[in-house]
Amino acid sequence: MSMMELLMSGLTAVFNPSMFFMVCVAIVLGTVFGALPGVSATMAVALGLTFTYTMEPIPAIVFLTAIYCSSITGGSITAILFKIPGVPSSAPTTFDGYPMAQRGEAGKALGVALLASAIGGLFSALAMFLLSQPLTAAALQFGPADLFAITFMGLSILTCLDSDHVLTTIISGLLGLLLACIGQDKMYAVQRLTFGSQQLLAGVEMIPVLIGLFAITEVLRQTNPKKKSMTAEDGIGGGKVNTKMPSLKEILSIKWTLLRCSVVGTVVGILPGAGATIASFLCYTMENKISKYPEKFGTGIIDGIAASEAANNAATGGAMVPLLSLGIPGGNAAAVMMSALTLKGVQLGPLLLTNQPEYLSATFVSMIVTNILMVVVAMGIAKVFAQILAIPYSYLGPIIVMLALIGSYANQMAIADVRIMVLAGVLGLLVKVCHFNSAAIVLGLVLGSMCESNFSRAYLMSKANLGTMFMRPIAGTVMIVCIILLVTPIVMPLIKKKKAQ
C-alpha cells in the first residue's frame, strides 16, 4: 500500500462522522484527565478504555490515541496555573510556567505550552508515519548497556539543574535514587528498605511522590500563618486568564528549542520504558545546558516551557512506533493500548503493518487531528480551571488536598500510596527549607529503577566485566558524554578563575 493510499484510509477512518465525534469527546476527556492532579496519561488511557469495549479495533486505537495525546497537553494547564503537574511529564513545565503565571503572564505561558505541545505532537506523528520501521530497527540495537548509559546520562545532567547549588542538587538526586531502591530487587528478589512492610515490596510509586512534593508542599507553604490570607484579587489573574498565543518574534526565538526537543522527545519515546517524563526532564536540562542564558531557567522564561511541552508530546508518537511495529509498548500508556487491542484479538507485531497497515494510518491521522484540535479545547478548559484561582486559598487549599488524596489513592487503590504522598509533602517542605531541589529528587526516582535494572542485566551479560560492558559504541560514547557533564561544574569555575587572573 502506497503512502497516499495509507493516508486516505486513515482519513476515511477518522473523519467518519461518528468516529470524528468520538475523537472530539476523547480530546475533551483527555485534556480534563490530564489537567486533574494525580491522573497520569496512563490512568487517562485506562479510564478511557471502558468506552472502547463495544468499538471495533481501529476506532478503539483512534479513541485511545486521542486521549493519550490530549492528556499530556492537559497536564500543562495545572502545572502553570497551580504549580501542580497534571501528569508527571509536566513537572518541568512548573519550573518556568508557574513563575510566569505569578508575574501575570499566565496567558502567555499557556499559549507557549499549547503551541509547543502541538508542534511536538505533530512532529512525532509525522516521524511515526514515515520512519516507523527504520526507527524501530534502530531502537532494537539498544542493549541493556546502552540503555543504562542513556539513563545514567539523565542522572548526570543533575549537575545542570541548578548551577548555583550543584552539591545540594546532587544530594537531592541521590535521595531520589534512594527512594527508587525501596522495594524488592527485580533481579534477585531481595527486599530492600521495606522494614518488613509488604506494601513497600512493589517500591515507591512516582505519582504519589510527585503529588506530595508539588501539591501538598505548596499547600503547606501557602498556609504559613505569617502570610496574609489570599483573596480572589490575589489569585493569578484574579481567576480571569485568557490564553495568549506567542508572537511571531517569540516563536522564532524558540524555534530551535522546539525542533531539538521534538527530535529528542520522539527518539526517547521510541525507547521501551523511557516515556514522556524522561523526555521532558532530559530536554529541559539539555536546553538549560546549551542556553545562552541558563541562569534564567526556573525564573519564568518561555524556553523552559517550550522544551518540556514539545518533548513530552513528541514522546507520544515515539511510544507508538515500537507498539505498532513490534508489539512492544514504548511506555505505560502504550501498554494499556496494547492490552485493549489484544483483548479484541489483534495480533500486534511486525506482520501487523504488513497485513493491516490501516492501523498505522488511522493512528497517524488521529494524532494529527488531536494535536490541532486540542489547542482550541485546552484554551476553553484553561479558562474553566483559571476560575478556580479566584477562590480564596482557605477553600482552595483543602480542595487541592482532596484532589491530591483522590489522585494518589486512585493510582493503585492503595492506602499506602496516600501515606507516601503525605510523607512526600512533608519531605518537600523540608527540601524547601533546606534549599534542596525537588526536581532532582523526582528525576532520581524516575530514572533510578530503570538505571539499576539495565545495569544489572548488562553486568551479567558482560560476565562482570565493566570494560566489555562499555565497549559498545553507543554505550561508550554516551558514557563519555556523562563524564563530561559530571566534571563540567568542577572544571568551568577553574577555567573562569584562570581567565580572570
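Residues numbered from 1 in each chain as written. Predicted model: local features only at pLDDT ≥ 70, side-chain atom pairs only at ≥ 80, totals over all residues. Heavy atoms only, no water.

Engineer: For this particular structure, what's the right way to read the overall build of the protein?
Structural biologist: Each helix and strand in the protein was counted, giving 21 helices and two strands. Taken over 501 residues, the protein has a buried fraction of 54%. Once local pairs closer than 6 in sequence are excluded, the contacts in the protein between residues at least 24 apart make up 78%. Here the protein displays about 21,700 Å² of accessible surface, and carbon together with sulfur accounts for 69% of that area. (Helix = DSSP H or I, 4+ residues; strand = E, 2+ residues; numbered from the N terminus. Buried < 20%, exposed > 50% of the residue type's maximum accessible area, 1.4 Å probe, protein only. Contact = heavy atoms within 4.5 Å. Areas by Shrake-Rupley, 256 points an atom, 1.4 Å probe, with all protein chains shown as cover.)

Engineer: I tried to follow the nonpolar core on my own but got confused; where do I start?
Structural biologist: Among soluble globular proteins, nonpolar side chains are generally buried collectively. Among the nonpolar cores identified, the biggest contains 126 residues, and V23, V45, Y68, I77 and M128 are the most heavily contacted of them. Here this core takes 13 residues from helix α4 (residues 57-81), the largest share from any one element. If sequence neighbours within four positions are ignored, M128 has contacts with G317, M320, V321, L324, L360, T363, F364 and M367. (Core = buried A, V, L, I, M, F, W, Y, C linked by side-chain atoms within 4.5 Å.)

Engineer: It is not clear to me how the environment of A334 should be interpreted in this structure. Could you clarify?
Structural biologist: Inspection of the secondary structure puts A334 in helix α14 (residues 332-343). Overall, A334 belongs to the buried group, its relative accessible area being 0%.

Engineer: Please clarify how the pattern of salt bridges should be interpreted in this entry.
Structural biologist: Pairs can form between side chains of opposite charge whenever their charged atoms are close. Taken as a whole and assessed by the stated rule, the structure comprises four salt bridges. Between R103 and E105 there is a salt bridge, with its nearest N and O atoms 3.0 Å apart. Of the charged contacts in the structure, one is a salt bridge between E250 and K108, with a shortest N-O distance of 2.9 Å. Pair noted here: E250 is in helix α10 (residues 248-253) and K108 is in helix α6 (residues 106-140), with a separation of 142 residues, a long-range link. (Salt bridge = Lys/Arg side-chain N within 4 Å of Asp/Glu carboxyl O.)

Engineer: Just checking my understanding: could you explain the packing of aromatic side chains for this structure?
Structural biologist: Centre distance and the angle of the planes are the two values used to describe a pair of aromatic rings. This model, assessed by the stated rule, comprises five aromatic pairs. Ring geometry for F95 versus Y284: centroids 5.3 Å apart, planes at 70 degrees, classification edge-to-face. Highlighted residues: F95 in helix α5 (residues 91-102) and Y284 in helix α12 (residues 275-290), separated in sequence by 189 residues. When sorted by exposure, F95 lands in the same class as Y284, which is buried. An angle of 75 degrees between the planes, with centres 5.6 Å apart, marks the rings of Y284 and F297 as edge-to-face. Taken together, the residues span a long stretch of sequence, with Y284 in helix α12 and F297 in the loop between α12 and α13 (302-326) at a distance of 13 residues. Neither residue differs from the other here; Y284 and F297 are each classed as buried. Members of the aromatic cluster, each reached through a chain of ring pairs, are F95, F281, Y284 and F297. (Phe/Tyr/Trp six-rings, centres within 6.5 Å; stacked < 30°, edge-to-face > 60°.)

Engineer: Please clarify how the environment of Y53 should be interpreted in this entry.
Structural biologist: When you line up the elements, Y53 lands in the loop between α3 (41-48) and α4. The class for Y53 is exposed, based on a relative accessible area of 55%. Along the sequence, Y53 and K344 sit 291 residues apart, while their C-alpha atoms lie 8.6 Å from each other.

Engineer: What exactly am I supposed to notice about the environment of N371 here?
Structural biologist: Note on placement: N371 falls in helix α16 (residues 358-388). Between the alpha carbons of N371 and L115 there is a distance of 9.5 Å; along the sequence they are 256 residues apart. Among the polar contacts made by the side chain of N371, one reaches the main-chain carbonyl oxygen of M367 at a distance of 2.7 Å. (Polar contact = N/O pair within 3.5 Å; in protein donor to acceptor, adjacent residues only side chain to side chain.)

Engineer: Before we go on, may I ask you to explain the packing of helix α2 (residues 17-35) against α4 in this structure?
Structural biologist: Two quantities define a packed helix pair, namely the angle between the helix axes and the distance between the axes. Look at α2 against α4: their axes get within 6 Å of each other, and the N-to-C directions meet at 35 degrees. In the packing of α2 onto α4, the handedness of the crossing is right-handed. Between α2, through M19, M22, V23, A26, I27, L29, G30, T31, G34 and A35, and α4, the contact on the second element is made entirely by P59, V62, F63, A66, I67, S70, S71, G74, G75, I77 and T78. Taken together, the residues of the contact of α2 with α4 sort by class into 13 nonpolar, eight polar and no charged. (Axes fitted to C-alpha atoms, helices over the stretch in contact; angles between N-to-C directions. Left-handed = near helix turned anticlockwise from the far one by under 90°. Nonpolar A, V, L, I, M, F, W, Y, C, P; charged D, E, K, R; others polar.)

Engineer: Can you help me understand a nonpolar patch on the surface in this one?
Structural biologist: The grouping of I483, L486, V487, I490, V491, M492, L494 and I495 at the surface amounts to a nonpolar patch, some 670 Å² of accessible area in total. For I495, the location among the structural elements is in helix α21 (residues 473-500). According to the relative accessible area criterion, I495 is partly exposed, its value standing at 36%. (Patch = residues over 30% accessible without salt bridge, like charges linked within 9 Å, V, L, I, M, F, W, Y side chains within 5 Å.)

Engineer: Honestly, α2 in this entry has me stumped. Any pointers?
Structural biologist: Within an α-helix, residues lying three or four positions from one another point in the same direction, as the helix has 3.6 residues per turn. An ideal rise of 1.5 Å per residue puts 27 Å on 19 residues; α2 measures up with 27 Å between its terminal C-alpha atoms. Residues of α2 that are buried: M19, V23, A26, I27, G30, T31, F33, G34 and A35. (Expected span 1.5 Å × (residues − 1).)

Engineer: Is there a simple way to explain helix α11 (residues 255-270) in this structure?
Structural biologist: An ideal rise of 1.5 Å per residue puts 22 Å on 16 residues; α11 measures up with 23 Å between its terminal C-alpha atoms. Inspection of α11 places T257, L258, C261, S262, G265, T266, V268, G269 and I270 among the buried residues, and these make up the whole buried set.

Engineer: Hey, could you run me through the packing of α5 against α12 in this one?
Structural biologist: At a minimum axis separation of 8 Å, α5 and α12 run at an interaxial angle of 45 degrees. If you check the angle between α5 and α12, you find them oblique. Residues A91, P92, F95 and D96 of α5 lie in contact with α12, whose contacting residues are S280, F281 and Y284. Of the residues in the contact of α5 with α12, the class split is five nonpolar, one polar and one charged. (Parallel < 35°, antiparallel > 145°, perpendicular 65-115°, else oblique.)

Engineer: Sorry, what's going on with the side chain of N313 here?
Structural biologist: Within the secondary structure layout, N313 lies in helix α13. Judged by its relative accessible area of 0%, N313 is buried. Reaching out from N313, the side chain makes a polar contact with the side chain of S117 at a distance of 3.1 Å. Beyond its immediate sequence surroundings of up to four residues, N313 is in contact with C69, I72, T73, S117, G120, G121, S124, N371 and M374.

Engineer: What is the right way to look at the state of the cysteines in this model?
Structural biologist: Where two cysteines share a covalent bond between their sulfur atoms, that bond is called a disulfide. In total, this model carries zero disulfides according to the counting rule given. Unpaired in terms of disulfides, C451 finds its nearest cysteine sulfur in C482, a separation of 8.9 Å. Looking at C451, the relative accessible area reads 8%, which means it is buried. (Disulfide = S-S within 2.5 Å.)

Engineer: Hey, could you run me through the side chain of S117 in this one?
Structural biologist: For S117, the position within the fold is in helix α6. There is a polar contact of 2.6 Å between the side chain of S117 and the backbone oxygen of A113. In this structure the side chain of S117 is engaged in a polar contact, spanning 3.2 Å, whose partner is the side chain of E309. For S117, the residues in contact, after removing those within four places along its chain, are T73, E309, N313, N371 and M374.

From the geometry alone we can't say anything about function, so treat these as descriptive.
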